[in-house]
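Residue-level structure breakdown
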Amino acid sequence: MRRRIIAANWKMNKNYQQGLELASEVIQIVADEVNGNAEVVLAVPFIHLQAVTRLAASNSRIAVAAQNCSTETEGAYTGETSAGQIASTGARYVLVGHSERREYFNEDGVVLMRKIEQTLQASMAPIFCCGEPLSIRDQGQENKFVASQLNDVLSTYPKADLHRLVLAYEPIWAIGTGRTATAAQAQAMHAHIRTVLTDLFGENAAQLIPILYGGSVKASNAVELFAQPDIDGGLVGGASLQSREFANICKA
Ligand code: 13P
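Small disclaimer: the values here were computed from a predicted structure and weren't measured. Within every chain, residues take consecutive numbers counted from 1 along the sequence as written. Local features in this predicted model are restricted to residues of pLDDT 70 or higher, and side-chain atom pairs are both shown and tallied only at a pLDDT of 80 or more, whereas totals for entire chains, interfaces and linings draw on every residue. Neither water nor hydrogens contribute to the side-chain values; these are computed over all heavy atoms in the structure.

**As for the overall build of the protein chain**
Strands here are runs of E lasting at least two residues and helices are runs of H or I lasting at least four, both read from the DSSP assignment and numbered beginning at the N terminus. Counting secondary structure elements, the protein chain contains 11 helices and eight strands. Taking 2.2 N^0.38 as the reference for a compact globule, 252 residues should give roughly 18 Å; the C-alpha atoms of the protein chain span a radius of gyration of 17 Å, in line with that estimate. With the C-alpha coordinates aligned to their principal axes, the bounding extent of the protein chain is approximately 45 × 45 × 35 Å. Among the 252 residues that make up the protein chain, the fraction classed as buried is 55%. Taking the contacts inside the protein chain whose residues are at least 6 apart along the sequence as the reference set, 72% of them involve residues at least 24 apart. With the radius of gyration taken over C-alpha atoms, the globule rule is written as 2.2 Å times the number of residues to the power 0.38. Relative accessibility decides the category of a residue: with a 1.4 Å probe and only protein chains considered, values under 20% of the type maximum give buried, values over 50% give exposed, and everything between is partly exposed. Residues count as neighbours in contact if any of their non-hydrogen atoms are within 4.5 Å of one another.

As C-alpha cells, then:
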C-alpha cells in the first residue's frame, strides 16, 4: 500500500496573520471531517513554518513543508534559508524543483540535486516536482522530457532514503490555468513516471513511492483524479488557499 498525501502549496500568498487563520481553519476541518489515513501537508512560506508546525502538532496526520531550501548548509548566503534551519522549525518536507523555481529562478538539475541532498541531510523528505510545458506536450515529447527531468536529478538519489521520496507531476500548462489534465492524461504520465522509477530503483521501491498530481486540482475534479491507480494524492495551489475547498479535496 502506497501512502496517500494531499499537499497544499500556498506559494507566495498570505501574510502572517492570514496564514495562521487559514492553517487553523484547515487543521480544524481536517480533524473534524476528514476520515481515512491520507497525510495532509501544508507547504507554506518560510514566515509561517514555525507557527503552522505548532498549530499542526495536535494532529499527527498533518505535516508542514517548506517550498524551497538553500543548496548550502550554512554561512554567508544572505537571504537564503538552509534545510537545517527549516527542519529546526519542525517542518518535515521540502518542495524541490517546482516549475516556478525552475523557470523564474533558473534552477537546473545540478541545483535540484544539491537541494535534495540538503533536505535528506536535515532528516526531511523531498517532494520532487516534474512536468512538461505545453510546447513539449504539443510535440508529443512529454514522456521523454519528464524522464530526463527525473534521471537528471534522481540517478544519484541514495537508496537508503527512498522511503522518504515523494514525487509530484505538475504539467506546466495545467498550473494556475484552470485547465486540468484529464484523469487519463494524468494516469498515463504517472504510470510512465513509475516505469522511470522502476528503471532507477527497481520494481519494489518504485511501487512504494507516492506520486502526486498537481495542476488546477479542485474539489470537483479530485475524486476522478485520485481514483486513478498511479495517482497517490495531489499538490494543490490556488484551491488550497480556501479552507473549505481544500478540505473537500482532502475528503476526495
Ligand atoms: P494550481 O493548483 O493553482 O494550478 O497550482 C498547482 C501547483 O503549482 C501546486 O504546486
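Once the structure has been displayed, the description carries forward.
**Some points on the layout of surface pockets**
Definitions used for this entry: grid spacing 1 Å over protein atoms alone; cavity, a set of points where a 1.4 Å probe fits but cannot get out; pocket, an open set with protein on both sides within 12 Å along at least 5 of 7 lines; lining residue, one with an atom within 4 Å of a point. Grid points are joined across faces, edges and corners, and a volume is the space filled by probe spheres set on the points. Approximately 510 Å³ is the volume found for the largest pocket. Together, 21 residues line the largest pocket, and Lys11, Met12, Gln67, Arg101 and Phe105 are the ones closest to its centre. A total of three residues in the lining of the largest pocket trace back to one element, the largest contributor, which is helix H4 (residues 99–104). Three classes are used, and their members are as follows: Ala, Val, Leu, Ile, Met, Phe, Trp, Tyr, Cys and Pro are nonpolar, Asp, Glu, Lys and Arg are charged, and the others, Gly among them, are polar. Taken together, the residues of the lining of the largest pocket break down into eight nonpolar, eight polar and five charged. Looking at the second largest pocket, its volume works out to about 210 Å³. Lining the second largest pocket are 17 residues, and of these Gly176, Ser216, Val217, Gly237 and Gly238 lie nearest its centre.

**What about the pairing of strand E3 (residues 62–66)?**
Taken across its five residues, E3 has five buried, putting it largely inside the fold. By the alternation rule, side chains of E3 split into Ile62, Val64 and Ala66 and Ala63 and Ala65, which are all buried. With five bridges joining them, strand E2 (residues 39–44) and E3 adopt parallel strand pairing. The residue of E3 that forms the bridge with alanine 43 is alanine 65. Seen with its strands pointing away from the viewer, a crossover is right-handed when the path leading from the first strand over the helix to the second is clockwise. In this fold, E2 hands off to helix H2 (residues 49–56), which returns the chain to E3; that crossover is right-handed. Relative to strand E4 (residues 93–96), E3 is paired through two bridges, and the arrangement is parallel. Each residue of the ladder has a partner; that of alanine 65, found in E4, is tyrosine 93. Strands are labelled as partners when DSSP assigns at least two bridges between them.

**Concerning the site of the ligand**
Near the ligand the following residues occur: Asn9, Lys11, His98, Glu170, Ala174, Ile175, Gly176, Gly215, Ser216, Leu235, Gly237 and Gly238. N or O atoms within 3.5 Å of each other form a polar contact, as long as, within protein, one can give a hydrogen and the other can take it, and as long as residues adjacent in sequence are counted only when both atoms are side-chain atoms. Measuring from an oxygen atom of the ligand, one finds a side-chain N or O atom of asparagine 9 at 2.9 Å. Serine 216 is positioned such that a nitrogen or oxygen atom in its backbone is 2.7 Å from an oxygen atom of the ligand. Surface exposure here means Shrake-Rupley accessible area, sampled with a 1.4 Å probe, where a residue is shielded only by the protein chains that are shown. Bound to the protein, the ligand loses 95% of the 310 Å² it would expose on its own. A molecule is said to be in a cavity or pocket once over half of its atoms fall within 2 Å of that pocket's grid points. Its atoms largely coinciding with the cavity grid, the ligand occupies the second largest pocket. When grouped by side-chain class, the residues that make up the shell around the ligand number three nonpolar, seven polar and two charged. The criterion for a residue being near a molecule or strand is simple. One of its heavy atoms has to lie within 4 Å of it.

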